[in-house]
Amino acid sequence: MEPQNSRGLSANTLFHFTSSLDNLLNILTNEFHPNFCLEGLNVLFKEPKLELAFPMLSFCDIPLSQTGFHLNVYGDYGIGLTKSWGKQNGISPVLYAYPDSLPIKRLERLIKILEKIPTGPEQPFRLLHDFVGFLKPYEGELYRASGTLENIRFYDEREWRFLPELPADFVPLVLSKEQFMDDGMRAQANLELAETCPLSFEPKDIRYLVVRQEEEIVPLISQIEQIKDKYSYYDVRLLASRVISAEQIKSDF
């Protein structure tokens, strides 16, 4: 059973939002697959400006009543799964920090120590890479395909992340900004991720399905019925009761 939270500052559901109904149906059909996402690391490296793309899946831990920003920025379609499912799959809250904060100063000292290791630093640096993937600036720029948004307070997003544990021979661990902006290179890297580290769920793990408009609810259920060997009659009826529209969220919550 999920713990109760009387203050409502967080949810017992982890939401993943996306920009289209096709994306949502792809998740319901093929489950989750991480993608390379561009992240600013100036919380750790002030100069020069550093942006790297890490393989990840992002979720937010906020009640429906506070999802307006996410719906506007990340898309009016989404899926909400139980937080217990998230924990079982290693999905964790990110560490929010700002430049020169105490955690960052300690991490900088650790990096300097690792740089002095004379031989065999690959494993420590790989673990460091995995840890840095959970770092998030307290506030900063948000890259979107439509453009960069300024002065976003990421702390308000209450982000949880899934960072896959990649095989030792998997390349690349990260993409530079130039590689990420190359559509072909990014698509190939994401394809390799999809084949290597899917993230599964069961119908019982789903708490909400979000579509943009009320009139999309019935078509969504009809398309879920057509996903062969995935959802039973009972599953479809259960999911039908868990569909809500972004229109309703914005007007009623």
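It is worth spelling out the overall build of the protein chain at this point. Within the protein chain one finds ten helices and 13 strands. Its C-alpha atoms give the protein chain principal-axis dimensions of roughly 60 × 40 × 40 Å. In the protein chain, the share of contacts with a sequence separation of at least 24, taken over all contacts with a separation of at least 6, comes to 78%. If you average the places of the 26 positive and of the 36 negative side-chain charges in the protein chain, the two averages end up 7 Å apart.

Take the packing of helix α1 (residues 21–30) against helix α8 (residues 217–225) next. Axis separation between α1 and α8 bottoms out at 11 Å; the angle between their running directions is 35 degrees. Seen from above, α1 lies across α8 with right-handed handedness. Across the interface between the two elements, Leu21, Leu24, Leu25 and Leu28 of α1 pack against Leu220, Gln223 and Ile224 of α8. Its residues assigned to classes, the contact of α1 with α8 shows six nonpolar, one polar and no charged.

Turning our attention to the pairing of strand β1 (residues 13–18). Burial of β1 is extensive: six of the six residues sit out of reach of the surface. Where β1 and strand β4 (residues 77–82) come together, six bridges link them in antiparallel fashion. The residue bridging Leu14 from the neighbouring strand is Leu81, located in β4.

Attention now moves to the nonpolar core. Among the nonpolar cores identified, the biggest contains 30 residues, and Leu28, Phe32, Phe59, Ile79, Leu209 and Leu220 are the most heavily contacted of them. Looking at this core, the elements with two or more residues in it are α1, β3 (51–60), β4, β10 (159–162), β12 (206–211), α8 and α9 (233–240). Here this core takes five residues from α1, the largest share from any one element. Once you skip the residues sitting within four places of it in the chain, Phe32 turns out to touch His16, Ile27, Leu57, Phe59, Ile79, Leu81, Trp85, Pro198, Leu199 and Phe201.

Any two side chains of opposite charge can pair, so long as their charged atoms come close to each other. Inspection of the entire model under this criterion finds 14 salt bridges. Between Glu31 and Lys230 there is a salt bridge whose closest N-O contact spans 2.9 Å. Of the two residues, Glu31 is situated in the loop between α1 and β2 (35–40) and Lys230 in the loop between α8 and α9; the sequence distance between them amounts to 199 residues. Looking at Glu31, the relative accessible area reads 15%, which means it is buried. Since its relative accessible area comes to 24%, Lys230 is described here as partly exposed. We note a salt bridge from Asp205 to Lys204, for which the minimum N-O separation is 3.5 Å. Of the residues examined, Asp205 reaches a relative accessible area of 9% and is grouped as buried. Residues participating in the shared-partner salt-bridge network are Glu39, Lys136, Glu159 and Arg161.

Quick look at helix α4 (residues 102–115) now. Its 14 residues place the ends of α4 20 Å apart at the C-alpha level, agreeing with the 20 Å of an ideal helix rising 1.5 Å per residue. Regarding α4, the residues found buried are Ile104, Leu107, Ile111 and Leu114. Taken end-on, α4 shows its buried residues confined to a sector of 75 degrees, consistent with a single buried face. What points out from α4, more than 90 degrees from its buried face, is the exposed set Leu102, Arg106, Arg109, Lys112 and Ile113.

Here we come to the pairing of β12. Examined bridge by bridge, β4 and β12 share four bridges and lie antiparallel to one another. Its bridge partner lying in β12, Gly78 is registered against Val210. The sheet contact formed by β12 and strand β13 (residues 243–245) spans three bridges and is parallel. Residue Val210 lies in a different strand from β13, and its bridge partner there is Ile244.

Backbone geometry places Asp100, a non-glycine residue, at a positive phi of 70 degrees. Along the chain, Asp100 turns up in the loop between β6 (95–97) and α4. Residue Arg158 is not a glycine yet carries a positive backbone phi of 50 degrees. As for its position among the elements, Arg158 is in the loop between β9 (147–152) and β10.

Definitions and limits used
Residues numbered from 1 in each chain as written. Predicted model: local features only at pLDDT ≥ 70, side-chain atom pairs only at ≥ 80, totals over all residues. Heavy atoms only, no water. Helix = DSSP H or I, 4+ residues; strand = E, 2+ residues; numbered from the N terminus. Contact = heavy atoms within 4.5 Å. Lys, Arg positive; Asp, Glu negative; His and termini not counted. Charge placed at Lys NZ, Arg CZ, Asp CG, Glu CD. Axes fitted to C-alpha atoms, helices over the stretch in contact; angles between N-to-C directions. Left-handed = near helix turned anticlockwise from the far one by under 90°. Nonpolar A, V, L, I, M, F, W, Y, C, P; charged D, E, K, R; others polar. Buried < 20%, exposed > 50% of the residue type's maximum accessible area, 1.4 Å probe, protein only. Pairing = 2+ DSSP bridges. Core = buried A, V, L, I, M, F, W, Y, C linked by side-chain atoms within 4.5 Å. Salt bridge = Lys/Arg side-chain N within 4 Å of Asp/Glu carboxyl O. Expected span 1.5 Å × (residues − 1). Arc of directions from axis to C-beta.

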